[in-house]
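# Coordinate analysis (summary)
Residue-level listing of the chains:
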Amino acid sequence: MKKNDLKKLNEMPLRGPADPELGGISLIFPVHNESFIIEQTIRNYFAEMHGRVQDFELIVSEDGSIDDTKSVLERLAKELPIKVYMSNERKGYQGALKDAISYATKPWLFIVDSDYQFAVIDFWRLESYRREYDIILGMKSPRRDPLYRILLSKGYNFLLRLFLKVPYRDMDTGFRLIRRDVANEIAPAVRYMSFFTAEFVVRAHHKGYRILEVPVPHYARKIGSTSIFYISKLFMICFHQFIGLLRLRNDILSKKI
Ligand SMILES: Nc1nc2c(ncn2[C@@H]2O[C@H](COP(=O)(O)OP(=O)(O)OP(=O)(O)O)[C@@H](O)[C@H]2O)c(=O)[nH]1
Ligand SMILES: [Mg+2]
């Protein structure tokens, strides 16, 4: 990490208000089986952003949970002005995000993983860059995950840089601020890589959109478990991601992007 980035990371960001001239924000949470943490996540993010972001909405994209998540969300939706979309079938991370993007109404989307591995206060580290950038990515600094996940992610980002000619370091981050018109243009085309964000970033980069990575602290998952990176599925996940990467490269080389 650059010296300047490290210095900024040690400073507390100013907590808004968000610049109203830059437009309102739809906060989007993808959720699957997060009954132990989802209430805390929604309450903390809502308390911080509602009131400091003039034109604000909070959208939850729940997806085939088989724990208590749905009942927690039903209760919260009666108390807080939030928009909850639930699905009995699991659409998957990519499908649920695409749907959530189409439900959003504000000019900017703040799409955040719902298991509280990112603190809401770090939204303010991204906010002011809306003036100059179309996509602002929270780069996990440092990443608080098991070593094998950190190594896999480093290798994955290295391959993306090498094969797809992009300069970014943490393309599958779960903390990102995106202009809605850019999301609406690019999200429907995302199809090769199942985690959505990396492919989205690559496509946006090759379309010439302005993308910035800003370091943000990352926190270990405190409760619940991954619904994506099961160790038993790691080999297949890596295999599918690599095939996706090659397909994306093919699209770039044949100028389909
Ligand atoms: N809508 C939807 N959300 C999902 C799905 N799978 C995971 N999520 C959510 O996506 C976010 C990221 O998933 P995680 O399982 O935390 O992935 P991770 O952070 O890489 O893994 P951990 O380090 O174990 O937390 C969480 O908020 C999940 O609730 C899904 O199929 N559909
Ligand atoms: Mg997580």
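Below is a short write-up of the structure. Residue positions are counted from 1 within each chain, in the order its sequence is given. Starting at A for chains and at 1 for ligands, labels are handed out in the order in which the entities are written. In keeping with the predicted nature of the model, local features appear solely for residues at pLDDT of at least 70, side-chain atom pairs appear and are counted solely at 80 or more, and the whole-chain, interface and lining totals rest on all residues. Working from all heavy atoms in the structure, the side-chain values ignore hydrogens and water.

A few words on helix α2 (residues 38-49). Strands are runs of DSSP state E lasting at least 2 residues, helices are runs of H or I lasting at least 4, and numbering of each runs from the N terminus. Here, expected helix span is obtained from the residue count minus one, scaled by 1.5 Å. An ideal rise of 1.5 Å per residue puts 16 Å on 12 residues; α2 measures up with 16 Å between its terminal C-alpha atoms. Accessibility here uses a 1.4 Å probe with only protein chains present; expressed as a share of the type maximum, an area under 20% marks a residue as buried, one over 50% as exposed, and anything in between as partly exposed. Within α2, burial applies to I38, T41, I42, Y45, F46, E48 and M49. An end-on view of α2 places all buried positions within 165° of arc, on one side of the element. In the stretch just after α2, G51 is the one whose phi turns positive, near 100°. The directions considered for the arc run from the helix axis to the C-beta atoms.

Before going further, it helps to examine the packing of aromatic side chains. Stacked, tilted and edge-to-face are the three classes applied to pairs of Phe, Tyr and Trp rings, where Trp contributes its six-membered ring and a pair requires centres within 6.5 Å; stacked means planes under 30 degrees apart, edge-to-face means over 60, and tilted covers the rest. Across all of its chains, the model carries 12 aromatic pairs by this definition. Taking 5.2 Å as the distance between ring centres and 85° as the angle between the ring planes, the aromatic pair formed by F29 and Y45 counts as edge-to-face. In this pair, F29 sits in strand β1 (residues 25-31) while Y45 sits in helix α2, placing the two residues 16 residues apart along the sequence. A relative accessible area of 0% places F29 in the buried class. With a relative accessible area of 0%, Y45 lands in the buried category. Both rings, one in F46 and one in F56, keep their centres 6.3 Å apart while their planes meet at 55°; by these two values the pair is tilted. In this pair, F46 sits in helix α2 while F56 sits in strand β2 (residues 56-62), placing the two residues 10 residues apart along the sequence.

Let us look at the environment of D99. Inspection of the secondary structure assignment puts D99 in helix α4 (residues 92-103). Taking the C-alpha atoms as reference, D99 lies 25 Å from E213; in sequence the two are 114 residues apart.

Tracing the backbone through its elements, the reader meets I28 in strand β1. Each C-alpha atom of the pair I28 and L109 lies 7.0 Å from the other, and the pair is 81 residues apart in sequence. Two residues form a contact once any of their heavy atoms are found within 4.5 Å. Every residue in contact with I28, bar those within four places of it in the chain, is listed here: I59, L97, A100, I101, A104, L109, F110, I111 and V112.

Its location among the elements puts Q94 in helix α4. On the basis of relative accessible area, Q94 is assigned to the buried category, the value being 15%. Each polar contact in these results corresponds to two N or O atoms within 3.5 Å; when the atoms are within protein, one needs to be able to donate a hydrogen and the other to accept it, and residues that are neighboring in sequence are counted only if both atoms are side-chain atoms. Of the polar contacts made by the side chain of Q94, one reaches the backbone oxygen of M193; its length is 2.9 Å. In this structure Q94 touches V190, R191, M193, S194 and F196, once residues within four positions along its chain are discounted.

Moving on, we get to unusual backbone geometry. Between G16 and P17 the backbone carries a cis peptide bond, its omega angle lying at 0°. With respect to the helices and strands, the residue P17 is situated in the loop between α1 (3-10) and β1. For the peptide bond that leads from S141 to P142, omega is -10°, which places it in the cis range. Tracing the chain through its elements places P142 in the loop between β5 (135-140) and α6 (147-164). One non-glycine residue, K165, adopts positive backbone phi at about 55°. Mapped onto the fold, K165 is located in the loop between α6 and β6 (175-179). Unlike most non-glycine residues, F196 shows phi in positive territory, near 75°. With respect to the helices, strands and loops of the structure, F196 is situated in the loop between α7 (180-186) and α8 (197-206).

With that out of the way, let us pick up the site of ligand 1. Residues are classed as near a molecule or strand on a simple rule: at least one heavy atom within 4 Å of it. In the vicinity of ligand 1, 21 residues are found, and the nearest of them are E34, D63, R90, D115 and R149. For ligand 1, an oxygen atom lies 3.3 Å from a polar atom in the backbone of P30. Burial of ligand 1 by the protein amounts to 93% of the accessible area it has alone, namely 630 Å². Contributing elements (two or more residues each) for the shell around ligand 1: β1 and α4. Sort the elements by how many residues they give to the shell around ligand 1 and α4 lands first, with 3 residues. Under this grouping Gly is polar, as are all residues other than the nonpolar Ala, Val, Leu, Ile, Met, Phe, Trp, Tyr, Cys and Pro and the charged Asp, Glu, Lys and Arg. Here the shell around ligand 1 is composed, by residue class, of 6 nonpolar, 7 polar and 8 charged. Surface exposure here means Shrake-Rupley accessible area, sampled with a 1.4 Å probe, where a residue is shielded only by the protein chains that are shown.

Turning our eyes to something else, we now look at the coordination of the magnesium ion (ligand 2). Of the protein atoms, only D115 (OD) and Q117 (OE1) coordinate the magnesium ion (ligand 2), at distances of 1.9 to 2.0 Å. Classification of D115 by relative accessible area gives buried; the value is 6%. You can call Q117 buried: its relative accessible area is 10%. Counted as donors are the N, O and S atoms within 2.8 Å of the metal, or 3.2 Å for Na, K and Ca, while water is not among the atoms, so some sites may look incomplete.

This is a description of form; function is not addressed.
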